[in-house]
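# Observations on chain architecture
What follows is each chain in one-letter form.
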Amino acid sequence: MVMRGNTSPHARSRTPCVTGEAVGPGAVPITLEVNGILRALPVCPGATLAEVLRDQLQLTGTKIACDRGACSACTVRLNGTPVCSCMVLAIEVNGAKIDTIEGVAGETLHPVQAAFLEHDAIQCGFCTPGLIMSCVALLESTPHPSEEEVKAALGGHLCRCGTYPHVIAAVLHAAQTSKRRP
Ligand code: FES
Ligand code: FES
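Structural notes, computed from the coordinates. Everything quoted here is computed from the prediction, not taken from an experiment.

Scoring rules and cut-offs
Residues numbered from 1 in each chain as written. Chains lettered and ligands numbered in written order. Predicted model: local features only at pLDDT ≥ 70, side-chain atom pairs only at ≥ 80, totals over all residues. Heavy atoms only, no water. Helix = DSSP H or I, 4+ residues; strand = E, 2+ residues; numbered from the N terminus. Buried < 20%, exposed > 50% of the residue type's maximum accessible area, 1.4 Å probe, protein only. Contact = heavy atoms within 4.5 Å. Areas by Shrake-Rupley, 256 points an atom, 1.4 Å probe, with all protein chains shown as cover. Pairing = 2+ DSSP bridges. Axes fitted to C-alpha atoms, helices over the stretch in contact; angles between N-to-C directions. Parallel < 35°, antiparallel > 145°, perpendicular 65-115°, else oblique. Left-handed = near helix turned anticlockwise from the far one by under 90°. Nonpolar A, V, L, I, M, F, W, Y, C, P; charged D, E, K, R; others polar. Salt bridge = Lys/Arg side-chain N within 4 Å of Asp/Glu carboxyl O. Polar contact = N/O pair within 3.5 Å; in protein donor to acceptor, adjacent residues only side chain to side chain.

## Re the overall build of the chain
Each helix and strand counted, the chain has 6 helices and 5 strands in total. Looking at the chain as a whole, 45% of its 182 residues qualify as buried. For the chain, contacts bridging at least 24 residues in sequence account for 59% of all contacts bridging at least 6. Of the roughly 9,100 Å² that the chain leaves accessible, carbon and sulfur atoms contribute 55%.

So this is what it looks like as structure tokens:
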């Protein structure tokens, strides 16, 4: 079991590789399927999934705000389940399927993304990628959620701009849009 060596983001950045019990101190090769593409890369044993996505794969749509699991800005999907990627060591998810905000849209915006725009659910936008990842996961598991189910799915997401009513309206709208799809 590899423990995250230092919970301070600043201290961690001054200590590039944290020695674990079984791996390290040097970089460890891992493989991730990120947005459908197989990526093989060496990672520092102490690097979080959020750091690897942003710093090594340049997928900067995933945001790091609190870096301690308190705001959900860094939400990605790990084997389909929304997780705070700042709380996951990359080496712990070797071989996993990761979905980030960069992979949500196809040739057109995902209905959730379109509904966010239509309902003005974005202010500064910092929390938006994480919110969208959780909302997309919700509609996949619960295509026709109640308002209470949407609120529950948003639990843990901190929006400093207070867009919650707009986000809830957007998700309910996206569910209706999806209903009309064949
Ligand atoms: S940055 Fe990960 S939960 Fe806040
Ligand atoms: S839109 Fe600014 S933090 Fe949510």
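Still more to cover.
## Some remarks on the sheet that holds strand S2 (residues 37-43)
Read across the open sheet, the 5 strands follow the order S2-S1-S5-S3-S4; overall the sheet is mixed. Each edge of the sheet is formed by a strand with only one pairing partner; in this case those strands are S2 and strand S4 (81-84). The average angle at which neighbouring strand axes cross in this sheet is 40°, direction not considered. Pairing of strand S1 (residues 28-34) with S2, which is carried by 7 bridges, proceeds in the antiparallel orientation. Counterpart to Thr31 in the pairing with S2 is Ala40. Where helix H2 (residues 49-56) meets the sheet, its contacts fall on S1, S2, strand S3 (75-78) and strand S5 (97-99), and the angle it forms with S2 comes to roughly 105°.

## Here we look at the packing of helix H3 (residues 111-118) against helix H4 (residues 128-141)
Between H3 and H4, the shortest axis-to-axis distance is 9 Å and the interhelical angle comes to 125°. Taken together, the axis directions place H3 and H4 in an arrangement best described as oblique. Seen from above, H3 lies across H4 with right-handed handedness. Taken together, the residues of H4 that come into contact with H3 (itself represented by Val112, Gln113 and Phe116) are Thr128, Leu131, Ile132, Cys135, Val136 and Leu139. Class assignment for the residues of the contact of H3 with H4 results in 7 nonpolar, 2 polar and no charged.

## Topic: the pattern of salt bridges
Applying the stated rule across the entire model yields 4 salt bridges. Among the ionic pairs, Glu147 bridges to Lys151, the shortest N-O distance being 3.5 Å. Separated by 4 residues within a single helix, Glu147 and Lys151 lie in helix H5 (residues 147-153), roughly one turn from each other. Residue class for Glu147 comes out partly exposed when judged on its relative accessible area of 40%.

## Points about the environment of Ile91
By the element assignment, Ile91 lies in the loop between S4 and S5. Taking C-alpha positions, Ile91 is 7.3 Å from Val43, a pair spaced 48 residues apart along the chain.

## As for the side chain of Ser134
Relative to the assigned elements, Ser134 resides in helix H4. Residues in contact with Ser134, not counting those within four places in the same chain, are Thr75, Pro82, Ala153 and His157.

## Considering the environment of Lys97
For Lys97, the position within the fold is in strand S5. With 19 residues separating them along the chain, Lys97 and Leu78 place their C-alpha atoms 5.9 Å apart. Residue contacts for Lys97: discarding those within four places in its chain leaves Glu33, Arg77, Leu78 and Asn79. A polar atom in the side chain of Lys97 sits 3.0 Å from the side chain of Asp99.

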